[in-house]
Amino acid sequence: MNILEKMNLTESSKPGKTQVPGKKEGERNMMETVSSLWKNKFWPEDSDNFHYNVIQRSQKFIPFLNLKTPKEPMPHTVVLQGSAGVGKTTLAKKLMLDWTEDTLNQTFRYAFYLCCKELNRMGTCTFAELIAKDWPELQDAIPEILAQPQKILFIIDGFDELRFPAGALIHDICGDWKKQKPVPVLLGSLLKRKIFHNATLLITTRPWALRDLRLLVEQPFIVEIEGFLESDRKEYFLQHFKDEDQALRAFNMMRSNAALFSMSSAPLVCWIICSCLKLQMERGEDPTPTCQTTTSLYLRFLCSRFTPAPAPCPRRYLQAPVKALCLLAAQGIWTQASVFDREDLRRLGVGERDLGPFLGKDILQRDKDCEGCYCFIHLSVQQFLAAMFYVLESEEEEDGESCKRDIGDVEKLLSKEERLKNPSLTQVGYFLFGLLNEERVKELETTFNCQMSMEVKQELLKCKAKSDENKPFSSMMGTKELFYCLYESQEREFVKDVVGHFKEMSVHLTNTFEMMYSSFCLKLCQNLQNISLQVGKGIFLENDSASELHSQVERSQNDHHCLCIWMDLCSVFSSNENLSFLEVSHSFLSDSSVRILCAQITRGTCNLRRVVIKNVSPADAYRDFCLAFVAKKTLTHLILEGCTQSDMLQLLCETLKHPKCHLQCLRLDSCSATTRQWADFSLTLKTNHSLTCLNLTSSKLLDEGVKLLCTTLIHPESSLQRLSLEDCHLTQACCKDLAAALIVNQRLTHLCLARNDLGDGGVKILCEGLGYPDCKLQNLVLWCCSVTEVGCNHLSKFLQQKSSLTHLDLGLNHIGITGLKSLCKALKDPLCNLKCLWLCGCSLNPFSCAELSSALSTNRSLISLDLGQNTLGHSGLKMLCEALRLPACPLRTLRLKIDESDTETQRVLTEMRESNPQLRIDGGNPDPRERRPSSRDFLF
């Protein structure tokens, strides 16, 4: 911690000299000494240009350093956030150096640098003592300095490393800088502006601590420090390797691993990767396996620091030190500490001599800011060693247990709750899975002559056993993270134990590396039956003219690499005989990737029965899929959504005409075709005898298209049983053709006409067909069809006749109380066979319930009633309850709009459940436009 007062310097009469007006010679000499100290400590001569470029780039976004800032109020709090090692502290120290050299904006006369990891070691003091700790000579000037807060810059470095009791920064606040308080209280008071509220604050932190910081500071200006950009990393490799071919080869290997590439934004991690790969190349070794996982690279880096001893002379002296180092790393991760003093070592039973072998090995170093303290060269190195702690063979020691009290077990390490509180645990977990690999364990044992334990495998399998068999570790991590962890291990038998019982899987790919580790795991899911796949934009570049890659050659090389991995992934579809369902949705593919996928689907070993292709690009992909499905005998269900091709119907016609086509259910959404094309499609349906379900939702069929389709429905050999014409731009004009088809057709049982403007006139015409004695229709959906009480009257008359109709959906129609009365009249008739009635959002009110209650008390067929999105109130529910409590009431499912805050409503519902325990009451209130209960009958 340092305090420096910025002096007004004027030119001296002698070149190269500066003069400090109004200050004694001793103070001026002290200032020069301090400036020199900061230059050496904060910006060493060996600092590379790459790091300097990162700092220069970041400085542009700090408002008080930008002289061209607009005339808006200058933010008083600036937060620099970024992951470990990307340059936040270096930038903070560079600002202090600029300040000593008089190059910082003249806004600040005083600057204070507060290092949080050093503050952790301070006891109770006043704020004045806090900032003047290292410069007692300025003690007398403190009151004068603090009296001008608008001229002060406080740099608070490493907020995420500040240790404090829960609530200390929020509740225990001090407004007097002269009072003795714990350091966290003083710092919290500064952040909350209880003292020096006009001062400027610059705070550095890691992203995970932003939430706590936002509770303290108002309207912070947040700047993200990204570290090395891709161009920086590439240039760094070129300079580090000297040989351009080696550099580019190493760089491309690193970039192929997205996790490793992300970590390399930290300059020190970039150096670790470079030094590790360069050493292997110099030895003539293949570095490809090293970049396969982050664990393999850090293992190679750690072991390369120690030359393997000859077989007769094992490195026995490293046994105790490596255990001490891993204990220190694990303890630090769990307590979120990165700097360790002698007291920390004593408490853990670690001697300073134990750390000796790792000093000067680019693993551990003496901390530059805290004298007598140690720290790891980077957080990732500490995380790797912390993971090693869990696989090192432990010895039963009484004292050992006490010093491990802060270190959680494996289950706690992987828990979501702990990782939210302490994000560093996540990478430790990844490394832990990586250390399950027996070959890696043997390398560690050879290097450090220590015994490693594989009991951690059993601990992980116990964690798996506690979760759902089909979703192991689901309480700890999502599927994507689980796959990454398993890929890190590269232990095929262990992966089989974890995912071997998976029956369904949803995979969302955003980069090539995710594709790689998903492929690794999916191929070991031997019982997989259903898979949903989503491919993000930018993975396949073949069709992407807007790609930002510098050259066509580079794009081609990347795409070739990606397609090889994609081919490996797609082999799952043909190699797994149990796989029966595939969904590819919201995916950005390429011509080549589609052909590869289709090739696997068409293979004889592929037994897919249900396929969903939904919102996939390029547009030609649908053509390729259709051609692949033409002769696929096992395929029975096909859903195509989001297709914009004009010849889609023609392609489907070819598919349906093929003698080997056994398609039973076809859904074609949003199809735009000509009348001629619909005519050809209708003719095809007459010759196809396997298709029983057809869904044309949101297609521009129009009344003319329905007329053509009805020629198929009235054909004696028509096999269609379920037909959905939802949102097909139909009007009353098509109802005559539909009614005629209903009279003749003996197979059609389900008809959906939702979201078509049929009106009451259309309903009247339909009822003429429905009332015909031979009509077999069971399910009719008139959801959002402009039906009023008049249409309900027509339906009521039809329902009072003996008919096959058992399911009726009138949701989102303004039928009101008059329309409901008509329907209730039908429900009271013993000839009415309705089992399910959906009246969601039909403008019903409490007064409707008296009539409905009367109908329910006499009806003996209705088992499901949907009254969702209708405001019935507790009075209406009470009337319904009178009918529902009757022993003879057959109703088993009731959907309602429930006001959770209405205590009277809750009381009535409780009474309803108690009087009829077999009744299931659904109180969910989703938007009826998003999902209607009857839709499941037409989704295959």
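Sequence order sets the numbering: in each chain, residues are counted from 1 along the sequence as written. Reporting in this predicted model follows two pLDDT cut-offs: at least 70 for local features of residues, and 80 or more for side-chain atom pairs to be given and counted; totals over whole chains, interfaces and linings ignore these cut-offs and use all residues. Remark: hydrogens and water are excluded; side-chain values derive from all non-hydrogen atoms of the structure.

## Things to note about the overall build of the chain
Put simply, DSSP H or I for four residues or longer makes a helix, DSSP E for two residues or longer makes a strand, and each gets a number counted from the N terminus. Helix and strand counts for the chain come out as 39 helices and 26 strands. A buried classification covers 55% of the 940 residues belonging to the chain. Of all intrachain contacts in the chain linking residues separated by at least 6 positions in sequence, the fraction that spans at least 24 positions is 79%. Summed over all atoms, the accessible surface of the chain reaches about 41400 Å², with 48% contributed by carbon and sulfur. Here's how the labels work: a residue is buried when its accessible area is under 20% of the maximum for its type, exposed when over 50%, partly exposed in between, all with a 1.4 Å probe on protein chains only. A contact between two residues is defined here by any heavy atoms of the two lying within 4.5 Å. Areas reported as accessible are Shrake-Rupley estimates using a 1.4 Å probe. Residue values count occlusion only from the protein chains shown.

## Observations concerning helix H32 (residues 702-713)
The end-to-end C-alpha distance of H32 is 16 Å, a good match for the 16 Å that 12 residues give at a rise of 1.5 Å each. Those residues of H32 lying buried are Asp703, Gly705, Val706, Leu709, Cys710, Thr712 and Leu713. Taken end-on, H32 shows its buried residues confined to a sector of 150°, consistent with a single buried face. Check the buried side of H32 and you find it contacts helix H31 (675-687), strand S18 (693-695), strand S19 (722-724) and helix H33 (735-744). One less than the number of residues in a helix, times 1.5 Å, gives the span that helix is expected to have. Directions pointing from the helix axis toward each C-beta atom define the arc.

## Focus: empty space enclosed by the protein
Site definitions follow a grid-based scheme: protein atoms alone, a 1 Å grid, a 1.4 Å probe that fits but cannot get out for cavities, and for pockets an open set with protein on both sides within 12 Å along at least five of seven lines, plus lining residues having an atom within 4 Å of a point. Grid points are joined across faces, edges and corners, and a volume is the space filled by probe spheres set on the points. The full count for this structure, using the stated rule, is six cavities of 30 Å³ or more. Considering only enclosed or pocket space, the largest cavity measures out at about 120 Å³ in volume. Lining the largest cavity are 14 residues; nearest its centre among them are Arg206, Gln336, Ala337, Leu379 and Ser424. Secondary-structure elements contributing two or more residues to the lining of the largest cavity are helix H14 (319-334) and helix H17 (379-391).

## Section: helix H23 (residues 455-465)
At 3.6 residues per turn, the α-helix brings residues three or four places apart onto the same side. Within H23, burial applies to Val456, Lys457, Leu460, Cys463 and Lys464. An end-on view of H23 places all buried positions within 115° of arc, on one side of the element. Exposed and facing more than 90 degrees away from the buried side of H23 are Glu455, Lys462 and Ala465.

## Structural notes on the packing of aromatic side chains
Each pair of aromatic rings taken from Phe, Tyr and Trp, with Trp reduced to its six-membered ring, is defined by centres within 6.5 Å and is described as stacked if the planes are under 30 degrees apart, edge-to-face if over 60, and tilted in the remaining cases. The tally for this structure, following the rule as stated, stands at 27 aromatic pairs. When the ring of Phe237 is compared with that of Phe251, the centres are 5.7 Å apart and the planes differ by 75°; the resulting orientation is edge-to-face. Of the two residues, Phe237 sits in helix H9 (residues 230-241) while Phe251 sits in helix H10 (residues 244-255), which places them 14 residues apart along the sequence. Taken individually, Phe237 and Phe251 each receive the classification buried, so the pair is uniform in this respect. Pairing Phe384 with Phe431 gives two aromatic rings, centres 5.2 Å apart and planes at 85°, and the pair type is edge-to-face.

## A closer look at the sheet that holds strand S10 (residues 364-366)
A pair of strands is considered paired only if DSSP assigns at least 2 bridges between the two. Taken together, the three strands give an open sheet; going across it, the order is S9-S11-S10, and neighbouring strands pair in antiparallel fashion. Strands with a single pairing partner mark the edges of an open sheet, and in this sheet they are strand S9 (339-340) and S10. Across three bridges, S10 lies against strand S11 (residues 374-376) in antiparallel orientation. Across the sheet, the residue bridging to Gln365 is Cys375, located in S11. The axes are straight lines fitted to the C-alpha atoms, using for helices just the contacting stretch, and the angles between their N-to-C directions are given from 0 to 180°. Helix-sheet contacts for H14 involve S9, S10 and S11, and the interaxial angle to S11 is about 85°.

## Observations regarding a negative patch on the surface
Residues form patches when they are more than 30% accessible in relative terms and have no salt bridge. Like charges link within 9 Å. Nonpolar side chains (Val, Leu, Ile, Met, Phe, Trp, Tyr) link within 5 Å. The term salt bridge refers to a side-chain nitrogen of Lys or Arg lying within 4 Å of a carboxyl oxygen of Asp or Glu. Here Asp and Glu are counted as negative and Lys and Arg as positive; His is not counted, and neither are the chain ends. Charge positions come from single atoms, namely NZ of Lys, CZ of Arg, CG of Asp or CD of Glu. On the surface, Glu393, Asp409, Glu455 and Glu459 cluster together into a negatively charged patch. Within the fold, Glu393 resides in the loop between H17 and helix H18 (398-403).

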